[in-house]
Amino acid sequence: MIRSFRNGAGSVSLVLTVLGLRYATCSGKDRLLSCLSKPPLSQCSQFSQSAPVCSLAMPPLHSNARCRLYPGSDVARWPVPNEGVSWGSACPQYSPVRYTAPNVSSGPVWADPEIGVDSGFCPKFNALDNAVDRRSHEGTYRVENGYPLNPHGRTGITGRGLLGRWGPNHAADPIITRWKRDSEGRKVLHPGSKNPILQFVSIKRKDCGEWAIPGGMVDPGERVSVTLRREFGEEALNALQKTREQRETLKQQITELFNSPSFQVYKGYVDDPRNTDNAWMETVAVNYHDASGSSVAQLPLEAGDDAGKVAWVEIDSTLQLYASHARFLEIIARERAAHWE
């Protein structure tokens, strides 16, 4: 049964437990720069050579966040083995590289200043800090020496990298789906699984060339439901480049879409290659499904903002997508009894 809510608002439990699903690895599904299929062993001599066996009670290890080269740079992470990811694992020789991208350290309005006496900046972590929400979907995270610690463990790099906020950087991912239909309007079944095929709106990112779910950052003081609607308009529908009349029509179409029944696919930490020990991505992913084909299917698809291309893409297990987006689509496919593999 679909667990639904309106406008993506409110606190809704996860549709499916995430612990039973595989975390995306640095393989063909996440080819951003030089990701390693398995992070190499570090100099921590007390670590064993074998990877630990994770039970369902243990959070999945992040791997994209330990890719060898940090995105958009030639900065190499300190190699963190599986055994050394947890902050509870002793690693006295851990010496992560400190890196904050120039476009972040230059002080844009969307980024925090450096933490310290010189800057006078001392954010309130695990709390609503003025308009900036520094609370994590994962619960309370540790703060040491004035710096927040990634709740999923070591990444081999400190600072903020490409992320603007210390601690959690909140995003929202609207996942728009429809059934693939033939010329007579009937659902198309996959010849192998015999299940109906879902399609979703996908954008090709300009920054890395990978296909992804259209989404973006939650602005300070903004409701997630507002972010979901805004980001879909900016990235997938190119709302910023429409005439006044076209924008009004588009606004009505988007309102109809986002007022339709939806369900929360995921809420929490994202295994993102931009993550560091002190800054990380979290998201709320919400699925809006056009069951009849009368709403979403009629919307024009154009590329805009940081999207290079936009298209309806069929959902299956062979998709190669940015970060953990393939995991979100697997949840949707299984929840809606659609083809996956």
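As a starting point, this report considers the structure included with it. (Residues numbered from 1 in each chain as written. Predicted model: local features only at pLDDT ≥ 70, side-chain atom pairs only at ≥ 80, totals over all residues. Heavy atoms only, no water.)

1. Considering the side chain of His-339
Positionally, His-339 belongs in the segment after α4 (325-335). A polar side-chain atom of His-339 sits 3.4 Å from a polar atom in the side chain of His-190. Of note is the side chain of His-339, whose polar atom sits 2.8 Å from the side chain of Ser-193. (Helix = DSSP H or I, 4+ residues; strand = E, 2+ residues; numbered from the N terminus. Polar contact = N/O pair within 3.5 Å; in protein donor to acceptor, adjacent residues only side chain to side chain.)

2. Examining the environment of Ala-172
Inspection of the secondary structure assignment puts Ala-172 in strand β7 (residues 167-179). For Ala-172, a relative accessible area of 0% gives the class buried. In sequence terms Ala-172 and Arg-223 are 51 residues apart; their C-alpha atoms lie 9.9 Å from each other. (Buried < 20%, exposed > 50% of the residue type's maximum accessible area, 1.4 Å probe, protein only.)

3. Some remarks on the pattern of salt bridges
Side chains that differ in sign of charge can pair as their charged atoms come close. Within the structure shown, the criterion is met by 13 salt bridges. Overlapping salt bridges, with partners in common, bring together Asp-112, Asp-129, Arg-134 and Arg-165 in one network. (Salt bridge = Lys/Arg side-chain N within 4 Å of Asp/Glu carboxyl O.)

4. So, the nonpolar core
Ranked by size, the top nonpolar core spans 29 residues in total, and within it Ile-175, Phe-200, Val-265, Ile-315, Phe-328, Leu-329 and Ile-332 carry the most contacts. Looking at this core element by element, the count peaks at six residues for α4. Residues within four places of Phe-328 in sequence aside, it is in contact with Asp-173, Ile-175, Ile-213, Val-265, Tyr-266, Thr-283 and Ala-285. The next biggest cluster of nonpolar side chains, apart from the first, holds 18 residues, and it includes Ala-212, Val-218, Leu-250 and Phe-258. (Core = buried A, V, L, I, M, F, W, Y, C linked by side-chain atoms within 4.5 Å. Contact = heavy atoms within 4.5 Å.)

5. Quick look at the packing of aromatic side chains
One pass over the full model with this rule turns up seven aromatic pairs. Aromatic side chains Tyr-70 and Tyr-99 sit 5.6 Å apart centroid to centroid with 65 degrees between the ring planes, which places their arrangement in the edge-to-face category. Of this pair, Tyr-70 sits in the segment before β1 (97-100) while Tyr-99 sits in strand β1, and the two are 29 residues apart along the sequence. Residue Tyr-70 is classed as buried on the basis of its relative accessible area, which comes to 0%. Ring centres 5.2 Å apart and planes at 90 degrees place the aromatic pair Trp-78 and Tyr-94 in the edge-to-face group. On the criterion of sequence distance, the pair formed by Trp-78 in the segment before β1 and Tyr-94 in the segment before β1 is long-range, its members being 16 residues apart. Accessibility classification places Trp-78 together with Tyr-94 in one group, the buried group. When the ring centre of Tyr-94 is taken as origin, the NZ or CZ atom of Arg-154, which lies over that ring, is 5.2 Å away. (Phe/Tyr/Trp six-rings, centres within 6.5 Å; stacked < 30°, edge-to-face > 60°. Lys NZ or Arg CZ within 6 Å of the ring centre and 35° of its normal.)

Remember, this is a structural readout, not a statement about activity or role.
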